Amino acid sequence: MRIGHGYDVHKLVEGRKLILGGVEIPHSLGLLGHSDADVLVHAIMDSLLGAAALGDIGGLFPDTDPAYKGADSMVLLSEVCRLLHEHGYRIGNIDAAVIAQKPKLKPYIAQMKDNIAAACGIDNDCVNVKATTEENLGFTGRMEGISAHSVCLIEKRSTNNESGESD
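Report on the accompanying structure. (Residues numbered from 1 in each chain as written. Predicted model: local features only at pLDDT ≥ 70, side-chain atom pairs only at ≥ 80, totals over all residues. Heavy atoms only, no water.)

**Details of the overall build of the chain**
Right, on to step 1. On a plain count of helices and strands, the chain comes out with five helices and seven strands.
Right, on to step 2. The order of helices and strands in the chain, counted from the N terminus, is β-β-β-β-α-α-α-β-α-β-α-β.
Right, on to step 3. Here the C-alpha atoms of the chain give a radius of gyration of 16 Å, agreeing with the 15 Å that 2.2 N^0.38 yields for 167 residues.
Right, on to step 4. Projected onto its principal axes, the C-alpha coordinates of the chain cover approximately 60 × 35 × 25 Å.
Right, on to step 5. Split into buried and exposed, the 167 residues of the chain put 47% on the buried side.
Right, on to step 6. A fraction of 70% describes how many contacts in the chain between residues 6 or more apart in sequence connect residues 24 or more apart.
Right, on to step 7. Charge-centre separation for the chain: the mean point of 15 positive side chains lies 5 Å from the mean point of 23 negative side chains. (Helix = DSSP H or I, 4+ residues; strand = E, 2+ residues; numbered from the N terminus. Rg over C-alpha atoms; globule rule 2.2 N^0.38 Å. Buried < 20%, exposed > 50% of the residue type's maximum accessible area, 1.4 Å probe, protein only. Contact = heavy atoms within 4.5 Å. Lys, Arg positive; Asp, Glu negative; His and termini not counted. Charge placed at Lys NZ, Arg CZ, Asp CG, Glu CD.)

What follows is the structure in structure tokens.
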């Protein structure tokens, strides 16, 4: 078994959509970034890549590459999961937290979980997403940005038959 930790932060700005966990959330501000700036999914991808010792999203999907301009982070997450599978890993679970003063995220958490589970090809009960504020402290408390943390557990798939096929 391996664990991974991911962290990401994006600045809140006018004129951008706020997308978290693949859900577009109505808000006057959105996250600035080269892709759709889904800070939650970015943290999750980094935790998965870290657990497998496969680098980070900056190396895999560089913000200097025009191919990723405006990219859908859920598509990128699916690619990270394909890469994990290719290297013989399966996801045990993902636990993630979004730190945002506003908007309130509780109404969107279930859809975020569903989206992440679907992109990863895992059961919904293997994904946990939670949200918290920082009680008006720091850059998230001042609504200058949103951050996210993720931890995950992955494991190497076993080979249980003579052909060497993995389960």
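**Some thoughts on the side chain of T133**
Right, on to step 1. Examined against the element boundaries, T133 turns out to sit in the loop between β6 (127–132) and α5 (138–141).
Right, on to step 2. Within the structure, T133 has its side chain in polar contact with the backbone nitrogen of E135 (distance 3.3 Å).
Right, on to step 3. Not counting the four nearest positions on each side in its chain, T133 is found in contact with A100, Q101 and K104. (Polar contact = N/O pair within 3.5 Å; in protein donor to acceptor, adjacent residues only side chain to side chain.)

**Concerning the side chain of T140**
Right, on to step 1. Among the structural elements, T140 can be located in helix α5.
Right, on to step 2. Residue T140 is classed as buried on the basis of its relative accessible area of 0%.
Right, on to step 3. Engagement of the side chain of T140 in a polar contact is seen with the side chain of E134, the distance being 2.3 Å.
Right, on to step 4. If we ignore the near neighbours within four places in the chain, the residues touching T140 are I99, Q101, E134, G145, I146 and S147.

**Considering unusual backbone geometry**
Right, on to step 1. Across the junction of K102 and P103, the peptide omega takes the value -5°, indicating a cis bond.
Right, on to step 2. Examined against the element boundaries, P103 turns out to sit in the loop between β5 (89–99) and α4 (109–120).
Right, on to step 3. Not every positive phi belongs to a glycine, and A53 is a case in point at roughly 55°.
Right, on to step 4. By the secondary structure assignment, A53 is in the loop between α1 (39–51) and α2 (57–60).
Right, on to step 5. One non-glycine residue, N136, lies in positive phi territory at about 65°.
Right, on to step 6. Relative to the helices and strands, N136 is located in the loop between β6 and α5.

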